[in-house]
Amino acid sequence: MYSINVPVPGRVRGLAADLYPALQGFETIREDHSLLLKRLGDADHVTQLQHRAHRALEGAPAVEARIAEIDYFADPPLGSAPVVYLAVESPGLESIHADLLEAFGTVEGLEGADYVPHVTLARGGTLADAERLAAREIEPITWTVRELEFFDGAYRLPVSRISLPA
């Protein structure tokens, strides 16, 4: 499964590391942190998929993103619940997501109107643990997204980068 992801700055990874002790009651704690912008699916010829993604993103500018709270999905459409995450506010990323939907279509229940920009921290704990984490105050983190990653989900590695001009 290929996707377009947003790499997060070290400050976001540092916040996730600071929260690690509070995540110990969850079944799965995310070790690597990024923001999934759009699922692209599988392809026999990955270069063609990359080319389509690059074309869809032509002219997309660098955008601002902000994390100011912890939230959770009580009943996610996939996988174990709840999912605790860092909520990402970014009209610019939502606009890029919409452009990618036009080029690649929508995965129902996960994208389009259902899309919530976020950085997953953990999943599979109790609802009480998720509520406790969501009640925590965090110092807001703002950054400029200047590039996106074309990501190979099978190997959990970025394949290439896509620059977003200032």
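Residues numbered from 1 in each chain as written. Predicted model: local features only at pLDDT ≥ 70, side-chain atom pairs only at ≥ 80, totals over all residues. Heavy atoms only, no water.

Attention now goes to the sheet that holds strand β8 (residues 147-152). Across the sheet, four strands lie side by side as β3-β1-β8-β9; this open sheet has antiparallel pairing. In this open sheet, the two strands that pair with only one neighbour each are β3 (34-41) and β9 (157-163). Shown here is a sheet whose adjacent strand axes are inclined to one another by a mean of 30°, direction ignored. By the bridge criterion, four bridges tie strand β1 (residues 2-7) to β8 in an arrangement that is antiparallel. Bridge assignment links Asn5 to a residue of β8, and that residue is Glu149. Along the sheet, helix α2 (residues 46-56) contacts β1, β3, β8 and β9; its crossing angle with β9, the most-contacted strand, is approximately 30°. On the sheet, helix α3 (residues 91-104) packs against β1, β3 and β8 and is oriented at approximately 10° with respect to β3. (Pairing = 2+ DSSP bridges. Helix = DSSP H or I, 4+ residues; strand = E, 2+ residues; numbered from the N terminus. Axes fitted to C-alpha atoms, helices over the stretch in contact; angles between N-to-C directions. Contact = heavy atoms within 4.5 Å.)

Taken in spatial order, the five strands of this open sheet run β2-β6-β5-β4-β7, and their pairing is antiparallel. Edge positions in the sheet fall to β2 (28-29) and β7 (141-145), since each of these pairs with one other strand and no more. Here five bridges tie strand β4 (residues 63-73) to β7, and the two strands are oriented antiparallel to one another. Each bridged residue has a counterpart across the sheet, and for Ala65 the counterpart in β7 is Trp143. Lying on the sheet, helix α1 (residues 10-19) is in contact with β4, β5 (83-89), β6 (118-123) and β7; it crosses β7 at an angle near 140°.

Let us now look at the side chain of Arg123. Relative to the helices and strands, Arg123 resides in strand β6. Although Arg123 lies buried, it forms no salt bridge, and the closest oppositely charged side chain, Glu27, sits 7.3 Å away as judged by the N-O distance. A distance of 3.1 Å separates a polar atom in the side chain of Arg123 from the backbone oxygen of Ser80. When neighbours within four sequence positions are excluded, Arg123 is seen to be in contact with Phe26, Glu27, Thr28, Pro76, Leu78, Gly79, Ser80, Pro82 and Val83. (Buried < 20%, exposed > 50% of the residue type's maximum accessible area, 1.4 Å probe, protein only. Lys, Arg positive; Asp, Glu negative; His and termini not counted. Salt bridge = Lys/Arg side-chain N within 4 Å of Asp/Glu carboxyl O. Polar contact = N/O pair within 3.5 Å; in protein donor to acceptor, adjacent residues only side chain to side chain.)

Bringing the environment of Ala65 into the picture now. Along the polypeptide, Ala65 turns up in strand β4. The exposure class of Ala65 is buried, given its relative accessible area of 1%. Here the alpha-carbon distance between Ala65 and Thr144, two residues 79 residues apart in the chain, equals 6.2 Å.

A separate point is the packing of aromatic side chains. Inspection of every chain in the model, using the stated rule, returns two aromatic pairs. On the numbers, 5.5 Å between centres and 25° between planes, the contact of Tyr2 with Phe150 is stacked. Here the residue Tyr2 occupies a position in strand β1, and Phe150 occupies one in strand β8, the gap between them amounting to 148 residues. Comparing Tyr2 with Phe150, the two get one shared label, buried. (Phe/Tyr/Trp six-rings, centres within 6.5 Å; stacked < 30°, edge-to-face > 60°.)

Before going further, it helps to examine the pattern of salt bridges. A full pass over the atoms with the stated rule returns six salt bridges. The partner of Arg66 in a salt bridge is Glu89, with the nearest N and O atoms 3.3 Å apart. With Arg66 in strand β4 and Glu89 in strand β5, this residue pair connects regions lying 23 residues apart in the sequence. Assessed through its relative accessible area of 32%, Arg66 is described here as partly exposed.

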